[in-house]
Amino acid sequence: MKTKLIPLIAALLAAPAMAAVVQTTGAGNTTPGQAAHLSYAADFDANVTLASPWAEGGLVISHTGVANDNGGCGYAGLDCLVDPADVYTEAFSGNFFGTAGTNAYVSIRSAGADLHGIELAVSSGFSTIYARWVTLLDGAVTGSGNVGLGSQLVGGVLGLSDLAGFDEVRIYTFDSATDTSGYSRAEIDSVRAFTLPEPGSLALVALAGLGLAGARRRRRS
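By the naming in an unreviewed UniProt entry, the protein goes by PEP-CTERM sorting domain-containing protein and is assigned to Pelomonas margarita.

Regarding its fold elements, the protein presents two helices and 14 strands. Counting all 221 residues of the protein, 40% fall into the buried class. Restricting to contacts in the protein with at least 6 residues of sequence separation, those with at least 24 account for 76%. Total accessible area on the protein stands at roughly 10,600 Å², and carbon and sulfur atoms take up 57% of it.

Looking now at the environment of Ser-93. Structurally, Ser-93 is set in the loop between β5 (66-67) and β6 (97-102). Judged by relative accessible area, Ser-93 falls into the partly exposed class, the value being 45%.

A few words now on the sheet that holds strand β7 (residues 106-110). Strand order in the open sheet made by the six strands is β3-β4-β7-β12-β9-β10, with antiparallel pairing throughout. The open sheet is flanked by β3 (54-56) and β10 (140-151), the only strands paired with a single partner. Averaged over neighbouring strand pairs, the angle between their axes works out to 20° when direction is ignored. Two elements, β3 and strand β4 (residues 59-63), share three bridges in a ladder whose sense is antiparallel. Each residue of the ladder has a partner; that of Ala-55, found in β4, is Val-60.

Here the protein shows a mean pLDDT of 77. Residues at 70 or above account for 69%. In the model, residues 1-18 has pLDDT below 50 throughout and makes 15 contacts with residues more than four positions away in sequence or in other chains. Throughout residues 200-213 the model reports pLDDT below 50, and contacts reaching past four residues in sequence, or to other chains, amount to eleven contacts.

Evaluated as defined, the whole model comprises four aromatic pairs. Relative to Phe-97, the ring of Phe-44 lies with its centre 5.5 Å away and its plane at 35°, an arrangement referred to as tilted. A residue pair is termed long-range when its members are at least 10 positions apart, and Phe-44 in the loop between β2 (37-42) and β3 and Phe-97 in strand β6 qualify at 53 residues. Between Tyr-172 and Phe-174 the ring centres are 6.0 Å apart and the planes differ by 20°, which places this aromatic pair in the stacked class. A residue is classified by how much of its surface remains accessible, and Phe-174, at 1% relative accessible area, is buried. Chaining the aromatic ring pairs together yields one cluster made of Tyr-105, Tyr-172 and Phe-174.

With four of five residues buried, β7 lies mostly within the body of the structure. The pairing of β4 with β7 spans five bridges and is classified as antiparallel. Bridge pairing in β7 links Ser-62 to Ser-107. Alignment of β7 against strand β12 (residues 168-174), held across four bridges, turns out to be antiparallel.

Calculation notes
- Residues numbered from 1 in each chain as written.
- Predicted model: local features only at pLDDT ≥ 70, side-chain atom pairs only at ≥ 80, totals over all residues.
- Heavy atoms only, no water.
- Helix = DSSP H or I, 4+ residues; strand = E, 2+ residues; numbered from the N terminus.
- Buried < 20%, exposed > 50% of the residue type's maximum accessible area, 1.4 Å probe, protein only.
- Contact = heavy atoms within 4.5 Å.
- Areas by Shrake-Rupley, 256 points an atom, 1.4 Å probe, with all protein chains shown as cover.
- Pairing = 2+ DSSP bridges.
- Axes fitted to C-alpha atoms, helices over the stretch in contact; angles between N-to-C directions.
- pLDDT = per-residue confidence, 0-100.
- Phe/Tyr/Trp six-rings, centres within 6.5 Å; stacked < 30°, edge-to-face > 60°.

As structure tokens, this is what we get:
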């Protein structure tokens, strides 16, 4: 039994280190793992003063560049969805969090445990949304990518998951699918983040399961 347990525990402990960031689009498509649970959420509806950094639901959101309030529409207390003619983007509801400037980005950090998955609505000041994302863990980049998320008045939901975990996500938006720098107008809303149990907890769960199975076999014999 011991010779079977050692490789299993080693595999469980090593699995996160072999993970990579997986990008998805569409609400509900982020899958950091069956054991994941919703840990953090931010909607910005109470941020009526353009505050940055903004702490909500276990997350700290900040930006570089200049705060973007879309002319007061959809931010700083004004809900553009009240008047259908003022809809900013279908992916947003109420206040959002935005920035604008050269290489400006929105930063989403965990105030607690490392994250293993995140979903957020993304829009921009450009007619077509091209988002660039970067994930970091302890200041080191763990992944990056570009994704098209539709038109400005529709918007889209970006999902990122990584079994190895990350503690920060940076979101830029550009006017080209291939841009990685330049003028950025990133805007986000409806952030949902997920965590997984620590590797040690996963190993303990596996040990408990194997112990239970062994006990059942002994009772049968």
